[in-house]
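Observations on the model geometry
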Amino acid sequence: MDKLKGVVIKTTGSWHTAKLKSGQLMDCTVRGKFRIKGIRNTNPIAVGDVVVVEPNPNEPTGVITDLEPRTNYIIRKATKLSKQAHIIASNIDQVFLLAAMAEPETPLMFIDRVLVTAESYRIPAVILFNKMDLLDEDQQELAEAYQYLYESIGYPVMLISAVSGLNLDQVRGKMKNTTSVIVGQSGVGKSTLLNQLQPGLGLKIGDISEAHQQGKHTTTFAEMHELDFGANIIDTPGIRSFGLVEVDRAEELSHFFPEIFEVGQNCRFHNCTHTHEPGCAVKEAVENNEIPFTRYENYLTIMKGDEGDKYRKDIYAQ
Ligand SMILES: Nc1nc2c(ncn2[C@@H]2O[C@H](COP(=O)(O)OP(=O)(O)OP(=O)(O)O)[C@@H](O)[C@H]2O)c(=O)[nH]1
Ligand SMILES: [Mg+2]
Ligand SMILES: [Zn+2]
């Protein structure tokens, strides 16, 4: 039978749902081995993959026989201690990082690690602060300060509420005509936001645990949704740990902090790590409040690494 081309919109264990050119959805298994050079990934096929499908005779199912090269992908660790990686999504134009000032509060460290990962894959990132309807005046001011902080670096930031509808038109505008992935901790409202953007989508939504102020990992598989205003959005399960960024030399980490990289051009040493060197323009800029202190602090934390291995920076998001 003829082979068909499709995009994977959902993967659950050994079954993958491909959307074929005709618009038809087909559940498929995989034949063959698909590996990414240099990483050990637990899932051979991810949401966003462009695949070749061979339909099974006399059945509505098919077999994925080929995978087109991915333009990009984002990965997370398969489990906290594992050296294996799980591909969250591939072939994406944009990452929407959904954060919240409350219930659960997103640490800036989480935001910075996600941004580093997005930079390392050269995928533009947009930051959304959700649940603005829950905030008192002081918290709102803090959210505005964070908006200023990240916008001054160059990241678009939107203060939104998936419940009240605040600024969702801005979000739609940014999503339109793209394939984007939405990531964030469990409970920040990723699925709620998509349900609001597209009434009737009917994604499952979880509670926030009162004891821990965390979500309950309601979304368990990544899935791509085609929204009527013209956007493909991949909803993902809440993440604790994000991708892995491998840097060959310590000074490379600053490539993923755009403002540190820019100022770092003026350091005395071209291979300055901005930690201890004399004539460091970055340290001076931090002292003069030209580089946000929280960003520099998080740069140092990531630089130190979580596993003590100098050349391997594991980017945990909490
Ligand atoms: N007050 C308020 N609550 C919100 C908002 N957005 C989401 N929530 C609530 O937050 C809780 C978690 O929402 P979900 O959409 O399930 O969160 P998620 O990010 O998809 O979580 P996982 O699927 O577990 O990763 C639900 O009780 C939502 O009603 C918001 O803007 N304001
Ligand atoms: Mg969800
Ligand atoms: Zn320096």
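This structure is a prediction, so every number in the text was calculated from the model and none was measured.

Calculation criteria
Residues numbered from 1 in each chain as written. Chains lettered and ligands numbered in written order. Predicted model: local features only at pLDDT ≥ 70, side-chain atom pairs only at ≥ 80, totals over all residues. Helix = DSSP H or I, 4+ residues; strand = E, 2+ residues; numbered from the N terminus. Buried ≥ 20, exposed ≤ 12 C-beta atoms within 10 Å, placed from the backbone. Contact = placed C-beta atoms within 7 Å. Near = placed C-beta within 6 Å. Nonpolar A, V, L, I, M, F, W, Y, C, P; charged D, E, K, R; others polar. Axes fitted to C-alpha atoms, helices over the stretch in contact; angles between N-to-C directions. Parallel < 35°, antiparallel > 145°, perpendicular 65-115°, else oblique. Left-handed = near helix turned anticlockwise from the far one by under 90°. Pairing = 2+ DSSP bridges. Core = buried A, V, L, I, M, F, W, Y, C linked by C-beta atoms within 7 Å. Expected span 1.5 Å × (residues − 1). Arc of directions from axis to C-beta. pLDDT = per-residue confidence, 0-100.

Before going further, it helps to examine the overall build of the protein. Scanning the protein from terminus to terminus reveals 7 helices and 15 strands. Looking at the protein as a whole, 40% of its 318 residues are labelled buried. Relative to all contacts within the protein whose residues are 6 or more apart in sequence, the contacts with residues 24 or more apart total 63%.

Okay, the site of ligand 1 next. As a matter of local geometry, ligand 1 sits amid 26 residues, with G189, S191, T192, T219 and G238 nearest to it. The leading source of residues in the shell around ligand 1 is helix α4 (residues 190–197), at 3 residues. Of the residues contributing to the shell around ligand 1, the split by class is 7 nonpolar, 14 polar and 5 charged.

A few words now on unusual backbone geometry. Residue P104 is reached from E103 by a cis peptide bond, and omega for that bond is -5°. Within the element layout of this structure, P104 appears in the loop between β8 (94–100) and α1 (108–120). Positive phi is not limited to glycine here, since E103 has a value of about 50°. With a phi close to 60°, N289 is a non-glycine residue in the positive phi region.

For the pair α1 and helix α7 (residues 293–304), interaxial distance at closest approach is 10 Å and the crossing angle is 70°. Here α7 runs roughly perpendicular to α1, going by the angle between their axes. Taken as a pair, α1 and α7 cross one another with a handedness that is right-handed. In contact with L108, M109, D112, R113 and V116 of α1, α7 contributes T294, R295, N298, T301 and I302. When its residues are assigned to classes, the contact of α1 with α7 shows 4 nonpolar, 3 polar and 3 charged.

Now for the pairing of strand β6 (residues 73–77). Of all the 5 residues making up β6, 5 are buried; the element is thus mostly covered by neighbouring parts of the structure. In this structure, β6 lies alongside strand β7 (residues 85–90), joined through 5 bridges in antiparallel fashion. Considered in β7, the bridge of I75 is made with I87.

All right, on to the nonpolar core then. The biggest cluster of nonpolar side chains holds 75 residues, and the ones touching the most others in it are A89, L97, A99, I127, L128, F129 and V181. Those residues in contact with L128 that sit more than four places away from it in its chain are F96, L97, L98, A99, M158, I160 and V171.

The next subject is α4. For α4, the tally of buried residues reaches 6 of 8 residues, placing the bulk of the element in the interior. For α4, every residue scored as buried is listed here: K190, S191, T192, L193, L194 and L197. Summarising the contacts, the buried residues of α4 are in contact with β8, β9 (125–130), α3 (168–175), β11 (179–183), β12 (223–227) and β13 (231–235).

The terminal C-alpha atoms of α7, which comprises 12 residues, lie 17 Å apart, in line with the 16 Å expected from a rise of 1.5 Å per residue. Listing the buried residues of α7 in full gives R295, N298, Y299 and I302. Buried residues of α7, viewed axially, fall in a sector of 110°; they line one side. Those residues of α7 that are exposed and aimed more than 90 degrees away from the buried face are F293 and K304.

Taken as a whole, the protein shows an average pLDDT of 89; of its residues, 89% reach a score of 70 or greater. This stretch, residues 307–318, has a pLDDT under 50; its non-local contacts, to residues over four places away or in other chains, come to 37 contacts.

Positionally, T178 belongs in the loop between α3 and β11. Overall, T178 belongs to the partly exposed group, with 15 C-beta atoms counted inside 10 Å. Each C-alpha atom of the pair T178 and I92 lies 8.0 Å from the other, and the pair is 86 residues apart in sequence.

So, about the environment of N41. One can find N41 in the loop between β3 (25–30) and β4 (50–55). Look at N41 and you get partly exposed, because 17 C-beta atoms sit within 10 Å. Along the chain, N41 and I87 lie 46 residues apart, while their C-alpha atoms are 6.8 Å from each other.

Before going further, it helps to spend a moment on the environment of D27. You can see D27 is positioned in strand β3. Classification of D27 by C-beta neighbours within 10 Å gives partly exposed; the count is 14. Between the C-alpha atom of D27 and that of P60, which follows or precedes it by 33 residues, the distance is 7.6 Å. In this view, D27 contacts W15, T17 and T61; residues no more than four positions away in its chain are not counted.

We now examine the pairing of β4. Note: strand β1 (residues 4–12) against β4, 4 bridges, orientation antiparallel. Across the sheet, residue V7 finds its bridge partner in β4, namely V50. Here β4 runs beside strand β5 (residues 62–67); their pairing, made up of 5 bridges, is antiparallel. The residue bridging V53 from the neighbouring strand is I64, located in β5. The hairpin formed by β4 and β5 contains 6 residues between the paired strands, and N58 there has a positive phi angle of roughly 60°.

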